[in-house]
Amino acid sequence: MALSGGGIRAAVFHLGVLRRMAEARVLEDISVLSTVSGGGFIVGLILSRNNLTWPSSEEFQERIYPELKSVLTTTNLLSFGLVLRNAKQWRPLRPSLMLSAPLN
């Protein structure tokens, strides 16, 4: 699945698409993600809310979507810059897919 860029508008759009996919119970069929900008932002939020694992359709509908809807509608998004300060702690979900050197 590819999620395009476009900043916060793209992130909100992708959240809606993923909600619809969860309703259709097909999130489990996603095995590869490619993201940029807003797509990467929303996937990062999803993974951060689900212990760095891709959620099931049920998890997404019951917990992830309501949390992210709240975050995107009630939070100053500039505060997310604080997360980026700890980028050296990030790790790839599958190290074999990592294309560049680790941040250490």
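Residues numbered from 1 in each chain as written. Predicted model: local features only at pLDDT ≥ 70, side-chain atom pairs only at ≥ 80, totals over all residues. Heavy atoms only, no water.

**As for the overall build of the protein**
Then comes step 1: A count of helices and strands for the protein gives 4 helices and 2 strands.
Then comes step 2: Going from N to C terminus, the protein has its helices and strands arranged as β-α-β-α-α-α.
Then comes step 3: Here the protein holds 104 residues, and the buried ones make up 26% of them.
Then comes step 4: Sequence separation of at least 24 residues holds for 65% of the intrachain contacts in the protein that already meet a minimum separation of 6.
Then comes step 5: Approximately 7,100 Å² of the protein is accessible, and the part contributed by carbon and sulfur atoms is 57%. (Helix = DSSP H or I, 4+ residues; strand = E, 2+ residues; numbered from the N terminus. Buried < 20%, exposed > 50% of the residue type's maximum accessible area, 1.4 Å probe, protein only. Contact = heavy atoms within 4.5 Å. Areas by Shrake-Rupley, 256 points an atom, 1.4 Å probe, with all protein chains shown as cover.)

**Notes on the side chain of His-14**
Then comes step 1: By the element assignment, His-14 lies in helix H1 (residues 7-23).
Then comes step 2: In this structure the side chain of His-14 is engaged in a polar contact, spanning 3.0 Å, whose partner is the backbone oxygen of Ser-4.
Then comes step 3: Here His-14 is in contact with Leu-3, Ser-4, Gly-38, Gly-39 and Ile-42, once residues within four sequence places are set aside. (Polar contact = N/O pair within 3.5 Å; in protein donor to acceptor, adjacent residues only side chain to side chain.)

**Comments concerning the pattern of salt bridges**
Then comes step 1: One pass over the structure, following the stated rule, counts 4 salt bridges.
Then comes step 2: Residue Glu-23 pairs with Arg-19 through a salt bridge whose shortest N-O separation is 3.7 Å. A residue pair is termed a helical-turn pair when its members lie 3 or 4 positions apart in one helix, as Glu-23 and Arg-19 do in helix H1 at 4 residues.
Then comes step 3: Residue Glu-23 is classed as partly exposed on the basis of its relative accessible area of 41%. (Salt bridge = Lys/Arg side-chain N within 4 Å of Asp/Glu carboxyl O.)

**Here's the deal with the confidence of the model for the protein**
Then comes step 1: Scored by pLDDT, the protein comes out at a mean of 80, with 73% of its residues at no less than 70.
Then comes step 2: Under a pLDDT of 50 for its full length, residues 81-86 has, in the predicted model, 2 contacts with residues more than four places off or in other chains.
Then comes step 3: Overall, residues 93-104 carries pLDDT values under 50, and its contacts beyond four positions in sequence, including any with other chains, amount to 6 contacts. (pLDDT = per-residue confidence, 0-100.)

**Thoughts on the nonpolar core**
Then comes step 1: Membership of the largest hydrophobic core comes to 17 residues, with the highest contact counts inside it found for Leu-15, Leu-18, Leu-27, Ile-42, Ile-46, Phe-60 and Leu-68.
Then comes step 2: Of all the secondary-structure elements, those providing two or more residues to this core are H1, helix H2 (37-49) and helix H3 (57-74).
Then comes step 3: Not counting the four nearest positions on each side in its chain, Phe-60 is found in contact with Leu-15, Leu-18, Arg-19, Ala-22, Leu-27, Ile-46, Pro-55, Tyr-65 and Pro-66. (Core = buried A, V, L, I, M, F, W, Y, C linked by side-chain atoms within 4.5 Å.)

**Here's the deal with a negative patch on the surface**
Then comes step 1: Residues Glu-28, Asp-29, Glu-59 and Glu-62 make up a contiguous surface patch of negative charge.
Then comes step 2: Within the secondary structure, Glu-28 sits in the loop between H1 and strand E2 (34-35). (Patch = residues over 30% accessible without salt bridge, like charges linked within 9 Å, V, L, I, M, F, W, Y side chains within 5 Å. Lys, Arg positive; Asp, Glu negative; His and termini not counted. Charge placed at Lys NZ, Arg CZ, Asp CG, Glu CD.)

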